[in-house]
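Chain and residue survey
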Amino acid sequence: MPVKYLSFIGIYRFVLLPVIWFFVSTGVYAQDWIYTVVEGDNLWNLSEQHLDKVTRFEQLRKLNNIENPKHLQPGTRIRVPLAWIRSNPVAAKIVSITGIAEIQRARSASTEPAKVGSLLQLGDQLMTTDNSSVAIEFADKSILSLHEKSIVHFDHLSAHGVTGMVDSRLNLLKGRMDTKVTPAVGPGSRFEIETPSAISAVRGTIYRALVMEEGDVSNIEVLRGKVAVSGANKQLLVNKGFGTQVVSGKPPIPPRELLPAPVFEPVPNTITEINWRLSWSKIAGASRYRVEVAASDDFETLLWQELTPHNRIAFPDLSDGNYAVRVRAIDTLGLEGMDQQVLMRLNAHPQPPIALKPVEAQVLRGQSPVLQWTAAEEASAYRLEIAADKNFSQSLLDRTVTETQFDTTSLSALGNYYWRLSSIANDGEVGPVGPIRSYQIKAIPEKVDASLSAEEDGLLMATWNASSTEQHYQVQIANDKAFSDIIIDKTVKEPQFAFEPFKDTPRYLRVKSIEQDGYEGPWGATQTIEPLPKEPFNFWPLGLWTIFTIILI
């Protein structure tokens, strides 16, 4: 006999034959339910409790070679063919709902509103609308979350008596769902979801299913455990962290690794702004991202969800409270990646009003302002706080006001002031504090009174006292006291101004200060600039000319 033939026989005998026997034997025994005897059990009550007919008693005794069926040893394992176990219909139940959903009962053309506690039977169909989601609990405590604009049909809902084995088969006709499936307790346990293009069989796993809008393409993404996905008579096993896509009439594509979870940018403990921006890291290969918000971190039903091509989104305007948020990247096939989630607290209501006057960092001279703000929609009153420091540790005023303005005449001391507002709702709830605004009260600059003196070089010098090194000064000289005919208008930094004396008629001078922020003080007293005195007439030239003229004559 050829060596190659002998080698094949050896491989068959020592390797392939045991493997084949393993699969054959496990296939046979996979259809048996193994029952472990407890104290007080006998074959009669076991048959009465679990089997479709009590008369199976004798068959069960022969199958397990039991000599004394009335006295079973605790711990004994008894094989029970699955076909002998009693099967009974069981309902699924709606345990949570947001938005609006409807149930179409089997063999009925009408629908009824879905509610918490509604029972779903074999042949029923559940439909969700925009911005709605429903959580459904099955007899084995498996949970299915059906999201917005989705339709699911309940093809099979049964249990094998009180064995704990439950058979649930569904048909996702449209939309998307999440599942959390309870681990199998026996061969009769089954959880299967069919779509227009695929069938997925799971047991003890978390995964997502999506039927695209075209209806002939399905995506399956596995987050925990394994899922057997079938299409066009071909089956593949999809492990945790992978997904597949099935087009009608074609086998599933090879498992594709799901995109990794994004990383959130820092999220404050409490969000106090409406439309606060939630941001996360960009994921290579992502075409867009899905953002979901729920009331708890089990995400059984959603309060809000959105798709965005950006790695940021405005958080929705929800009621104040605690929320769970999760984000995942979506690849070019539409397969959705691993989740990143965070818990956050929203405390944005009632929203604070918007401060109007004075403008931020405004400087007021010698008077305190009237604070003004907008009327907040949710507010019946406002909490106004004024302090001498940004941290509000030096409080000057903390008062509830019902108007949208407040006169601060009682706070007129020179210095810096900081103020902020909170809205107070009808029920007394005080909302988040608005932005801090500031203003400053400064003194009105004193009048600048100049004095005139003559310098040795023949110039006139106007001088005055300087109240600050940061001030500038405006000097004007005019031909009239009303300063309607100004001949000199200069701005100087030093508290003095030199100029040429004037002849013939008086001139007039005045000075005012200009603060660093541009504020102009009052004009000081008007000073009169006297003209130079007239020189006496010299008669000698005329006399000499007269004498010279007479001599010539």
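Now for a look at the structure at hand. Only a predicted model underlies this, so the values are computations on that prediction, with no experimental measurement involved.

Some thoughts on the packing of aromatic side chains
This model, assessed by the stated rule, comprises 10 aromatic pairs. Considering the side-chain rings of Trp33 and Tyr35, the 5.5 Å spacing of their centres and the 55 degrees angle between planes classify their relative orientation as tilted. There is no split in this pair, since Trp33 and Tyr35 are both buried. Here Phe497 and Phe499 contribute two aromatic rings whose centre-to-centre distance is 6.0 Å and whose plane-to-plane angle is 25 degrees, an arrangement assigned as stacked. Across the ring face of Trp523, the terminal group of Arg510 is positioned such that the distance to the ring centre comes to 4.1 Å.

A few points about helix H2 (residues 43-50)
Of the positions making up H2, those classed as buried are Leu43, Leu46, Ser47 and His50. Looking straight down H2, one finds its buried side chains confined to an arc of 95 degrees; they lie on one side. Turning to H2, the residues buried within the fold contact strand S1 (32-36), helix H3 (57-63) and strand S2 (77-81). If you check the start of H2, you find a side-chain oxygen 2.9 Å away from the backbone N of Trp44, and it comes from Asn42.

Remarks on a nonpolar patch on the surface
Together, Leu544, Ile547 and Ile551 make up a nonpolar patch on the protein surface, roughly 340 Å² of accessible area in all. Summarising the element assignment, Leu544 is placed in helix H4 (residues 540-552).

Notes on the sheet that holds strand S37 (residues 460-463)
Each strand in a sheet pairs with its neighbour through backbone hydrogen bonds, running either in the same direction (parallel) or in the opposite one (antiparallel). Strand order across the open sheet formed by three strands is S36-S37-S40, with antiparallel pairing between neighbours. Every interior strand has two partners, whereas the edge strands, strand S36 (451-454) and strand S40 (496-499), have only one. Averaged over all adjacent pairs, the angle separating strand axes in this sheet is 25 degrees, with direction ignored. Looking at chain direction, S36 and S37 are connected through four bridges and run antiparallel. Along S37, the bridge assignment pairs Ser451 with Thr463.

Side note on the nonpolar core
If you look at the biggest cluster of nonpolar residues, it comprises 33 residues, and the most contacted ones within it are Leu126, Ile136, Phe138, Leu144 and Phe154. When sequence neighbours within four positions are dropped, the list of residues in contact with Ile136 reads Ala92, Lys93, Leu120, Leu126, Ser142, Ile143, Leu144 and Phe154. One finds Ile283, Phe315, Val327 and Ala348 within the second-largest nonpolar core, a separate group that totals 21 residues.

Describing the environment of Phe392
Within the element layout of this structure, Phe392 appears in the loop between strand S31 (381-387) and strand S32 (395-401). Classification of Phe392 by relative accessible area gives buried; the value is 12%. Remark: the alpha-carbon pair of Phe392 and Phe299, spanning 93 residues in sequence, is separated by 40 Å. Excluding anything up to four places from it in sequence, Phe392 contacts Glu385, Ile386, Ala387, Tyr418, Trp419, Arg420 and Ile436.

Concerning the sheet that holds strand S41 (residues 507-514)
Strand order across the open sheet formed by four strands is S39-S38-S41-S42, with antiparallel pairing between neighbours. Every interior strand has two partners, whereas the edge strands, strand S39 (486-492) and strand S42 (527-529), have only one. Neighbouring strand axes in the sheet, compared pairwise and without regard to direction, differ in orientation by 25 degrees on average. In terms of strand pairing, S41 meets S42 through three bridges, oriented antiparallel. Bridged to Leu509 within S42 is Gln527.

About the cut-offs
- Residues numbered from 1 in each chain as written.
- Predicted model: local features only at pLDDT ≥ 70, side-chain atom pairs only at ≥ 80, totals over all residues.
- Heavy atoms only, no water.
- Phe/Tyr/Trp six-rings, centres within 6.5 Å; stacked < 30°, edge-to-face > 60°.
- Buried < 20%, exposed > 50% of the residue type's maximum accessible area, 1.4 Å probe, protein only.
- Lys NZ or Arg CZ within 6 Å of the ring centre and 35° of its normal.
- Helix = DSSP H or I, 4+ residues; strand = E, 2+ residues; numbered from the N terminus.
- Arc of directions from axis to C-beta.
- Contact = heavy atoms within 4.5 Å.
- Polar contact = N/O pair within 3.5 Å; in protein donor to acceptor, adjacent residues only side chain to side chain.
- Patch = residues over 30% accessible without salt bridge, like charges linked within 9 Å, V, L, I, M, F, W, Y side chains within 5 Å.
- Areas by Shrake-Rupley, 256 points an atom, 1.4 Å probe, with all protein chains shown as cover.
- Salt bridge = Lys/Arg side-chain N within 4 Å of Asp/Glu carboxyl O.
- Pairing = 2+ DSSP bridges.
- Axes fitted to C-alpha atoms, helices over the stretch in contact; angles between N-to-C directions.
- Core = buried A, V, L, I, M, F, W, Y, C linked by side-chain atoms within 4.5 Å.

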